[in-house]
Every structure is written in C-alpha cells, then in structure tokens.
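# Close look at the chain arrangement
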Amino acid sequence: MSALVDKALKAKRESKRVDFKSTFDPESTGDWCELVKDIVAMANSGGGVIMVGLDNGGAPSKNDVKAVLDLDHAKFVDKIRKYTGFEFGELEVHEAKKQDDTVAVIEISAVKVPMVFTEVGTYEVATAGKQKQKTAFSKGTVYFRHGAKSEPGTTEDIRNVIERQLEAIRGEWLDGVRKVVRAPQGSAVTVFSGEVKESSSPEATPIRLVDDPNAPGYRLIDHDTTYPHRQTELVDVVNGMLPEGIDVNTYDILAIRRVHDIDGDPRYCHTPKFGSPQYSDNFAKWIVDRQKENKDFFAEARQKYYDQTHGDS
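These remarks concern the structure in this document. (Residues numbered from 1 in each chain as written. Predicted model: local features only at pLDDT ≥ 70, side-chain atom pairs only at ≥ 80, totals over all residues. Heavy atoms only, no water.)

Attention now goes to the overall build of the chain. Within the chain one finds ten helices and ten strands. Taking all 313 residues of the chain together, 41% fall into the buried category. A separation threshold of at least 6 residues defines the contact pool for the chain, and within that pool the share at least 24 residues apart is 64%. Per element, the accessible surface of the chain, about 17700 Å² overall, is 49% carbon and sulfur. (Helix = DSSP H or I, 4+ residues; strand = E, 2+ residues; numbered from the N terminus. Buried < 20%, exposed > 50% of the residue type's maximum accessible area, 1.4 Å probe, protein only. Contact = heavy atoms within 4.5 Å. Areas by Shrake-Rupley, 256 points an atom, 1.4 Å probe, with all protein chains shown as cover.)

Taking strand neighbours across the sheet as the criterion, the four strands line up as 1-2-4-3 in an open arrangement whose pairing is mixed. At either margin of the open sheet sits one strand with a lone partner, and together these are strand 1 (18-21) and strand 3 (91-98). Averaged over all pairs of adjacent strands, the angle between their axes in this sheet comes to 25 degrees, without regard to strand direction. Across five bridges, strand 2 (residues 48-52) lies against strand 4 (residues 101-108) in antiparallel orientation. The residue of strand 4 that forms the bridge with Ile-50 is Ile-106. Helix 1 (residues 3-10) contacts strand 1, strand 2, strand 3 and strand 4 of the sheet and is inclined by roughly 45 degrees relative to strand 2. (Pairing = 2+ DSSP bridges. Axes fitted to C-alpha atoms, helices over the stretch in contact; angles between N-to-C directions.)

The nonpolar side chains of soluble globular proteins are, as a tendency, buried together. Judged by nonpolar contacts, the single largest core of 32 residues is most densely connected at Ile-39, Phe-76, Phe-88 and Ile-108. Among the secondary structure elements, those contributing two or more residues to this core are helix 2 (29-44), strand 2, helix 3 (66-69), helix 4 (73-84), strand 3, strand 4 and strand 6 (130-137). Sort the elements by how many residues they give to this core and helix 2 lands first, with nine residues. In contact with Ile-108, not counting residues within four places along its chain, are Ile-39, Met-42, Ala-43, Gly-47, Gly-48, Ile-50, Phe-88, Glu-90 and Leu-91. Counting 24 residues, the second-largest nonpolar core is a separate cluster that includes Val-238, Ile-253, Cys-269 and Val-288. (Core = buried A, V, L, I, M, F, W, Y, C linked by side-chain atoms within 4.5 Å.)

Next comes the structure, spelled out in structure tokens:
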C-alpha cells in the first residue's frame, strides 16, 4: 500500500490529493463526468487518490463498490479520452479495507503537460421533480485541485506545473553532480560529445545497462530517448511486434508491470520525480519474447494481478 493511500484511509476530510466518493454508478453519465473531472484535476496537480466507498468525513459509506473494482482499466482510459482527447492510462484501481468495509481506490499519477477538456461534460439531474442539465466542466477548460475541490485553473496553477518540471530537471542534474563528487578516488569520468545513442560504428564507445548493484554506475542522459514510451504508447509498440491475432491493452501492460515489478527495473522503466513512468524499447521486446515462450503469458499476468489486488478472493 502506498503512503498516500495509507494517509487517505486515515483522513477525516478531503484535500488537494485525496477525494472521497460515497458511491459510484458506472451506468451514470453524471457519476462519470464528476469522476473524470477529479481524475484530470488530480493528474494536472501532481497526482492523488480517489476513495470510493467513503463519505465526506472519511467514514465507510456502506455502499457496494464491487462495480468499480470490476471495471476494466480500458474503460477509464476511454472515458478520459472522450472528454480530453488524451489517452491517459496512468491510474490504478484496487481495493483496500477501512475497518471491515471494502473501499475502491483509484491512484492517479501526475502528467507533465496539463490535460485540457476538449468536450463539455453535461448530465441530467432531478431538481424539484424536474430534469435539469448540469455542467461538470466546459470545453477548453483546464482543471486543478484547489484544496478539496476540482476547479478551473489559474495563472498560479500553470506556474506550479512549470515549477514541478523545473524541480524535476534540477533534481536530475544535482543527482548527477552528487554521483561525481562521491565517486571513489581513481574513478574516471567519461565525457560523450553530443547525444548518446545506439551506433554500429566500430569507433563507438560500448555501454551496457544491467541490474547488478556492484557494476559501475551509468547515468542516462536523455530519458525521453532511452525510455521513449508511456504506457499507452507502449501498447501500440507491443501490438506492432506481436503476431497477427494477438493484442494487448493498457490493463495487460499494467498487470505485467505489477506482477513482474517492471517499474523497479532500470533496464525497462524510468519514473520521473513528477510524471508517469516511461518505458524502453527493451521492455517491449521482453514482453514479446515472453509471449513467444509462453502463449498464456498475458492471461497468467492478468490473473496474478487480479489476485494481488483482490486479495486472492
């Protein structure tokens, strides 16, 4: 369980990074509009967690959350894409316990570039016996979290997004400087001219990425080059490499990541300080190779991930 989820389960009120929903009906357009609004606002604000099954005071609402837990990951991706035009899949849904009650947890990662609503989010509500239209968000708006609310962004929100990215870049630079300063006496620092990239030239300097903690350290220069794929982009890459008739979706990739601890393997994944994980071409190749070795690889990963998130129930 992440520290944020643990904090949310103990919280007695909502905050910038924690939101409570007493219930959620997957068949309700209104519930989806409000949920998408909160997901987008949290992603734009640096990430957060939505707890379905808790009232505004953080107490169990006693409502059944099985319908939420049974939703396919692709359903969330489709709903967000419908209103933003952006395929955001950096969220996870799993269950947790508060006292003896089951809660549906939606963990949301941050985005580097804020998502903008490209479609209006409207739905019907009954007021005084009449049906009236309510707008959750308007076309062209960018939502952020302001305390416990998801609201249209301000200049300060955009400034905060820029600051998060600058802080991440500064952190990477300082990390590299610290590694040089702390290097043992006699260590050699190699300077590469220009961009570090793969080459078949016999004059190229060979390097190798390994997970051996005793091996000499190597700092990746351009993560966008060495780990070019977000999860949704990785799906397209893998599907392009798989045999005809075999396809994966974002849930398959998520299951593989969790079951095989991919996000902790530097050969396959890089997670920026502020942003969602990025994956290497080697990870795509690894997935395809596993499927060639075991035709049930994807099905087994989905089942193991389901067992992990549902307590083997």
